[in-house]
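Okay, here's what each chain looks like letter by letter:
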Amino acid sequence: MTLSPLIGLLFSPVAVGQSPAPGDWSLGSGTVSAVHLPATLSPDDFDLEYEPGDTVTGVRADLNGDGQPDFILRSAPRLCGATGNCTFAVIDGATLHALGYVGGSRLYVRGRRINGWPVIQSWWNMSAGSGLYSTAVFDGKEYVPLAQVPVEGDGRTQLFSQLDSVPSGPH
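Residues numbered from 1 in each chain as written. Predicted model: local features only at pLDDT ≥ 70, side-chain atom pairs only at ≥ 80, totals over all residues. Heavy atoms only, no water.

Q: Mind laying out a negative patch on the surface, listing which residues take part and the relevant values?
A: On the surface, a cluster of negative charge is made up of D44, D45, D47 and E49. Within the secondary structure layout, D44 lies in the loop between β2 (33-34) and β3 (57-61). (Patch = residues over 30% accessible without salt bridge, like charges linked within 9 Å, V, L, I, M, F, W, Y side chains within 5 Å. Areas by Shrake-Rupley, 256 points an atom, 1.4 Å probe, with all protein chains shown as cover. Salt bridge = Lys/Arg side-chain N within 4 Å of Asp/Glu carboxyl O. Lys, Arg positive; Asp, Glu negative; His and termini not counted. Charge placed at Lys NZ, Arg CZ, Asp CG, Glu CD. Helix = DSSP H or I, 4+ residues; strand = E, 2+ residues; numbered from the N terminus.)

Put into structure tokens, the structure is as follows:
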């Protein structure tokens, strides 16, 4: 992949100043809700460190368009950092297997798909004024990191002027 498409994928639609693309939505570590899991699915299977009696949080949505609800599960709150960064497991609802892990305080699930699954971008707080903006894609077997860019100052302000318009939750 040449650098130009990589940059386009990393920042699209942010770099071009557009509104969120159709199908884009966000999920924050502070905006997750309780998720009812099938009896055959346990958060223990994904190293999210929930204890008995804990409420499992995340979102349930058909991510790959197969008609089967998939899951993005947030780790137990005790694993989240002081700046709100958490680990999120992406679970295939058909197989109930983890497809990978994405970290950050906020995820941006994009309408754009690669190998049938959405591109997932995340914001990882490093401090009050800086962080890492990352892109993960599904390679056919699992989510893998594609790129990670440190952002601070005016760049952070401009980035969030676009990211704040991404609707919360699947729609």
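Q: Requested: an account of the environment of L37, with residues and values cited.
A: With respect to the secondary-structure elements, L37 resides in the loop between β2 and β3. Take L37: its relative accessible area is 12%, and that puts it in the buried class. Sequence separation of L37 and R60 is 23 residues, and the distance between their C-alpha atoms is 9.0 Å. Excluding anything up to four places from it in sequence, L37 contacts P43, V56, F71 and L73. (Buried < 20%, exposed > 50% of the residue type's maximum accessible area, 1.4 Å probe, protein only. Contact = heavy atoms within 4.5 Å.)

Q: Give a description of the state of the cysteines that names residues and reports values.
A: As used here, a disulfide is simply a covalent bond connecting the sulfur atoms of two cysteines. Taken as a whole and assessed by the stated rule, the structure comprises 1 disulfide. The disulfide bridge from C80 ends at C86, spanning 1.9 Å between sulfur atoms. Its S-S torsion of about 115 degrees marks the bond between C80 and C86 as right-handed, since a negative value means left-handed. Judged by its relative accessible area of 18%, C80 is buried. Judged by relative accessible area, C86 falls into the buried class, the value being 2%. (Disulfide = S-S within 2.5 Å.)

Q: Tell me about the pattern of salt bridges, residues and numbers included.
A: Any two side chains of opposite charge can pair if their charged atoms end up close together. This structure, assessed with the given rule, holds 3 salt bridges. The salt bridge involving D24 is made with R110; its shortest N-O contact spans 2.8 Å. Here the residue D24 occupies a position in the loop between α1 (3-11) and β1 (25-28), and R110 occupies one in strand β7 (residues 106-114), the gap between them amounting to 86 residues. Each member of the pair, D24 together with R110, is buried. A salt bridge links E51 to R78, with the nearest nitrogen and oxygen atoms 3.7 Å apart. With E51 in the loop between β2 and β3 and R78 in the loop between β4 (70-74) and β5 (86-92), the pair connects residues that are 27 residues apart, well separated along the chain. Given the relative accessible area of 47%, E51 is considered partly exposed. Owing to a relative accessible area of 44%, R78 belongs among the partly exposed residues under this scheme. One continuous salt-bridge network, built from bridges that share partners, spans E51, D54 and R78.

Q: Summarise the environment of C80; cite the residues concerned and give the values.
A: With respect to the element layout, C80 can be found in the loop between β4 and β5. Spatially, the C-alpha atoms of C80 and G104 are 9.0 Å apart, while their sequence positions differ by 24 residues. Residues contacting C80, with those up to four places away along its chain left out, are R74, S75, N85 and C86.

Q: Can you tell me about helix α2 (residues 153-163), naming the residues and giving the values?
A: Where α2 is concerned, the buried positions are L159, F160, Q162 and L163. End-on, the buried residues of α2 take up no more than an arc of 155 degrees, which puts them together on one face. Those residues of α2 that are exposed and angled more than 90 degrees off the buried face are D154, T157 and Q158. Check the buried side of α2 and you find it contacts β7, β8 (117-127), β9 (130-138) and β10 (143-152). (Arc of directions from axis to C-beta.)

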